[in-house]
Amino acid sequence: MPGLSRRRFIQLTGAAGCLSFFGCSGAERKPSKARVLIIGGGYGGATAAKYIKLFDRAIDVTLIEPSKPYFSCSGSNEVIAGLHELAWLGRSQDPLAATYGVHLVRAKVAAIDPSRRRAQLEQGLRLDYDRLIMAPGIDFRWDALAGYDEKASEIAPHAWKAGPQTLLLRQQLEAMPDGGVVMITAPANPYRCPPGPYERASLIAYYLKRQKPRSKILIIDAKAQFSKQALFEQGWKDLYPGMIEWISPADSGSIEEVIAEARTVLTEFDEYHADVLNVIPPQKAGLLAERTGLTDKSGWCPVDPRSFASTLLPNIHVIGDACIATPMPKSAFAANSQAKVCAAAIVAVLNGRQPGAPSLLNNCYSFLEPNYAISITGVYEVSGRSKQIVATSAGETPMHADRRREADYARAWQKNIEADVFR
Ligand SMILES: Cc1cc2nc3c(=O)[nH]c(=O)nc-3n(C[C@H](O)[C@H](O)[C@H](O)COP(=O)(O)OP(=O)(O)OC[C@H]3O[C@@H](n4cnc5c(N)ncnc54)[C@H](O)[C@@H]3O)c2cc1C
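Since this is a predicted model, take the numbers as computed values, not measurements.

### Quick word on the domain arrangement of the chain
Interface size is commonly expressed as the accessible surface area that is lost when the partners come together.
Reasoning step 1: As far as domains go, the chain holds domain 1 (6–140 + 283–422) and domain 2 (152–279).
Reasoning step 2: In this structure, domain 1 and domain 2 have C-alpha centres spaced 29 Å apart.
Reasoning step 3: At the interface, 37 residues of domain 1 touch 38 residues of domain 2.
Reasoning step 4: A buried area of about 3200 Å², summed over both sides, lies between domain 1 and domain 2, and 67% of it is on carbon and sulfur atoms.
Reasoning step 5: Linking domain 1 with domain 2 are 2 salt bridges, by the criterion used here.
Reasoning step 6: A salt bridge links Asp 139 to Lys 161; the nearest nitrogen and oxygen atoms lie 3.1 Å apart.
Reasoning step 7: Of all the elements in the fold, those that place two or more residues in the side of domain 1 that touches domain 2 are α3 (76–80), β10 (138–140), β22 (359–369) and β23 (372–382).

### Describing the packing of aromatic side chains
The way to describe two aromatic rings as a pair is by their centre distance and the angle between their planes.
Reasoning step 1: Counting across every chain of the model gives 13 aromatic pairs.
Reasoning step 2: Aromatic pair Tyr 70 and Phe 422: ring centres 5.7 Å apart, planes at 35°, arrangement tilted. Of this pair, Tyr 70 sits in strand β3 (residues 70–71) while Phe 422 is found in helix α11 (residues 403–422), placing the two residues 352 residues apart along the sequence.
Reasoning step 3: Considering the side-chain rings of Phe 333 and Trp 413, the 6.3 Å spacing of their centres and the 5° angle between planes classify their relative orientation as stacked. Separated by 80 residues along the polypeptide, Phe 333 in helix α10 (residues 332–350) and Trp 413 in helix α11 bring together distant segments of the chain.
Reasoning step 4: Here a set of aromatic residues connected by ring pairs shows up, and it is made of Tyr 198, Phe 226, Phe 232, Trp 236 and Trp 246.
Reasoning step 5: Geometry around Tyr 207 places Arg 170 over its ring, the cationic atom sitting 4.4 Å from the centre.
Reasoning step 6: Of note, Lys 330 hangs over the ring of Trp 300, and the distance from its end group to the ring centre comes to 4.0 Å.

### What about the pattern of salt bridges?
Reasoning step 1: If you walk through the whole model with that rule in mind, you get 18 salt bridges.
Reasoning step 2: Taken together, the shared-partner salt bridges connect Arg 35, Arg 117 and Asp 130 into one network.

### Concerning the site of the ligand
Reasoning step 1: In the vicinity of the ligand there are 34 residues, among which Gly 44, Glu 65, Tyr 70, Arg 192 and Asp 321 approach most closely.
Reasoning step 2: With respect to the ligand, the backbone of Phe 333 contributes an N or O atom lying 3.0 Å from an oxygen atom.
Reasoning step 3: Contact with the protein chains removes 92% of the 1000 Å² of surface that the ligand exposes when unbound.
Reasoning step 4: Among the elements of the structure, α2 (43–55), α3 and α10 are those that each provide at least two residues to the shell around the ligand.
Reasoning step 5: Ranked by residues supplied to the shell around the ligand, first place goes to α10 with 3 residues.
Reasoning step 6: Class assignment for the residues of the shell around the ligand results in 18 nonpolar, 10 polar and 6 charged.
Reasoning step 7: For the shell around the ligand, the two domains that each supply at least three residues are domain 1 (6–140 + 283–422) and domain 2 (152–279).

### With respect to the nonpolar core
Reasoning step 1: Ranked by size, the top nonpolar core spans 100 residues in total, and within it Ile 112, Met 134, Trp 236 and Phe 308 carry the most contacts.
Reasoning step 2: Looking at this core, the element that brings in the most residues is α10, giving 10 residues.
Reasoning step 3: Residue assignment places this core across two domains, with domain 1 (6–140 + 283–422) and domain 2 (152–279) each supplying three or more.
Reasoning step 4: For Ile 112, the residues in contact, after removing those within four places along its chain, are Ile 39, Arg 118, Ala 119, Tyr 129, Leu 132, Met 134, Leu 288, Thr 292 and Ile 316.
Reasoning step 5: Leu 218, Ile 220, Val 265 and Tyr 272 belong to the second largest nonpolar core, which has 16 residues in total.

### Topic: unusual backbone geometry
Reasoning step 1: Note that the residue after Lys 68, namely Pro 69, is joined by a cis bond; omega there is 5°.
Reasoning step 2: In this structure, Pro 69 sits in the loop between β2 (60–64) and β3.
Reasoning step 3: For the peptide bond that leads from Thr 326 to Pro 327, omega is 10°, which places it in the cis range.
Reasoning step 4: Take Pro 327: it is sitting in the loop between β21 (316–318) and α10.

### Examining the pairing of strand β13 (residues 244–247)
Reasoning step 1: With 4 bridges joining them, strand β12 (residues 216–221) and β13 adopt parallel strand pairing. Bridged to Leu 218 within β13 is Glu 245.

### Thoughts on the layout of surface pockets
Reasoning step 1: Computed from the structure, the second largest pocket encloses a volume of approximately 500 Å³.
Reasoning step 2: Surrounding the second largest pocket, 29 residues form its lining, Pro 194, Pro 327, Met 328, Pro 329 and Lys 330 being those nearest its centre.
Reasoning step 3: Where the lining of the second largest pocket is concerned, the elements lending two or more residues are β22 and β23.

### Thoughts on the pairing of β23
Both faces of the sheet carry side chains from a regular strand, because those side chains alternate between them.
Reasoning step 1: Bridge count for β22 against β23 is 10 bridges, and the pairing is antiparallel. Along β23, the bridge assignment pairs Phe 367 with Ala 373.
Reasoning step 2: Between β22 and β23, which pair antiparallel in sequence order, lie 2 residues.
Reasoning step 3: Relative to strand β24 (residues 389–396), β23 runs antiparallel, the two being bridged by 7 bridges. The residue bridging Tyr 380 from the neighbouring strand is Ala 391, located in β24.
Reasoning step 4: Hairpin connection from β23 to β24: 6 residues lie between these consecutive antiparallel strands, with Lys 387 at a positive phi of about 60°.

### Concerning the environment of Ile 280
Reasoning step 1: Counting through the fold element by element, Ile 280 comes out in the loop between β17 (276–279) and β18 (283–285).
Reasoning step 2: Through-space distance from the C-alpha of Ile 280 to that of Phe 140 is 9.1 Å; in sequence the pair is 140 residues apart.
Reasoning step 3: Residues in contact with Ile 280, not counting those within four places in the same chain, are His 158, Trp 160, Ile 184, Thr 185, Ala 186, Pro 187, Pro 197 and Arg 200.

Criteria and thresholds
Residues numbered from 1 in each chain as written. Predicted model: local features only at pLDDT ≥ 70, side-chain atom pairs only at ≥ 80, totals over all residues. Heavy atoms only, no water. Domains from an automatic or database assignment. Contact = heavy atoms within 4.5 Å. Buried area = accessible area lost by both parts, 1.4 Å probe. Salt bridge = Lys/Arg side-chain N within 4 Å of Asp/Glu carboxyl O. Helix = DSSP H or I, 4+ residues; strand = E, 2+ residues; numbered from the N terminus. Phe/Tyr/Trp six-rings, centres within 6.5 Å; stacked < 30°, edge-to-face > 60°. Lys NZ or Arg CZ within 6 Å of the ring centre and 35° of its normal. Near = heavy atom within 4 Å. Polar contact = N/O pair within 3.5 Å; in protein donor to acceptor, adjacent residues only side chain to side chain. Areas by Shrake-Rupley, 256 points an atom, 1.4 Å probe, with all protein chains shown as cover. Nonpolar A, V, L, I, M, F, W, Y, C, P; charged D, E, K, R; others polar. Core = buried A, V, L, I, M, F, W, Y, C linked by side-chain atoms within 4.5 Å. Buried < 20%, exposed > 50% of the residue type's maximum accessible area, 1.4 Å probe, protein only. Pairing = 2+ DSSP bridges. 1 Å grid on protein atoms, 1.4 Å probe; cavity = no way out; pocket = protein on both sides within 12 Å on 5 of 7 lines; lining within 4 Å. Points joined across faces, edges and corners; volume = space filled by probe spheres on them.

Given below as structure tokens:
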């Protein structure tokens, strides 16, 4: 076990008994059952781990995730608005070990060697696999927006990965004087959670309307249109008249520079100043996917949507935000649906069967206030001819629909997905 004591390894895996299940570097033993390694214990990875075990308990499944707890991004706009504490977002993968026999490894993967089918942890331990599922979520393109890098995000938080950044944005809103300006910059597609910036603006408005009613919210967008736009704009008119201003690229031109210390955004035509600046930067697949060679020039991972197998490297599947699954959005619901398709396909192949023809789903709820929500739904299949994902039906909350009932559905969805993924 290079670079790692036996004691440290046992700490990482949480149980000495796990040792016999891993194909550690240097081990002579041949594995007696198929080994699936899953990197990332978020919505995609945790679902895949659970469902492989549900479909075939004999398969050896190891889930690697460094964060304990994992903080869910879904719901994080409610924390920013002060409706819940950060701890409300915390999720644990421990029940997957206790209930389904998934091996949990609390560590970060440093590198993958696809030719040897081996993952190397940051602590030095190596784990072999027959199939690897990569579910690392997103990383930021720190070089894409002049003036905005990781250091700048400590002043102008992105809060697009839940945790300390969520708290920082919340604290800045609390410290802002009444009459202040909150500015949100929204990136071009594709990015994690297309309606997320607009839900965030709405819930911040909900907080400001009660605590600092003279304040204003500006959204500087890199896109000419956004998800559920008509529904959001109707809601803003009804709930927060005059409080939220959306600025499209046609109005301001594209963003040229962010000056975090001055909380200023320079666009082609204008200069905008804020008291609280929330920059949601351009994104790409999680760094490990990129370093492994799973991304194409778009920065995301191309896959065969029948199994989510990488089209670039063998024996590796990519699910969740990191993969290209257009027209599905990058959402927790989509990651959960893709994980089930991927799990079923891997179980089929490992048992000598052909994977079936998948159906995929997405439904994204957005809160505009606690008793007012809207949603967008898509049902998808893989086209026999092009092998691409196509939407077979799609829809949004009708304009006349009951928003309070949508909010009840949204809360029920949050509970249900948490149970489906993490318990
Ligand atoms: C503000 C906001 C609101 C949202 N609201 C919703 C919503 O209402 N509904 C919805 O469906 N979606 C929502 N989303 C989107 C949703 O959170 C993501 O689409 C979802 O988390 C994607 O799941 P994933 O498994 O691909 O990635 P993640 O959930 O990010 O999980 C990836 C995991 O991989 C781990 N990882 C990364 N690199 C390594 C490595 N090298 N080694 C080991 N582990 C690693 C990370 O620690 C992380 O835990 C929202 C997102 C945001 C930002």
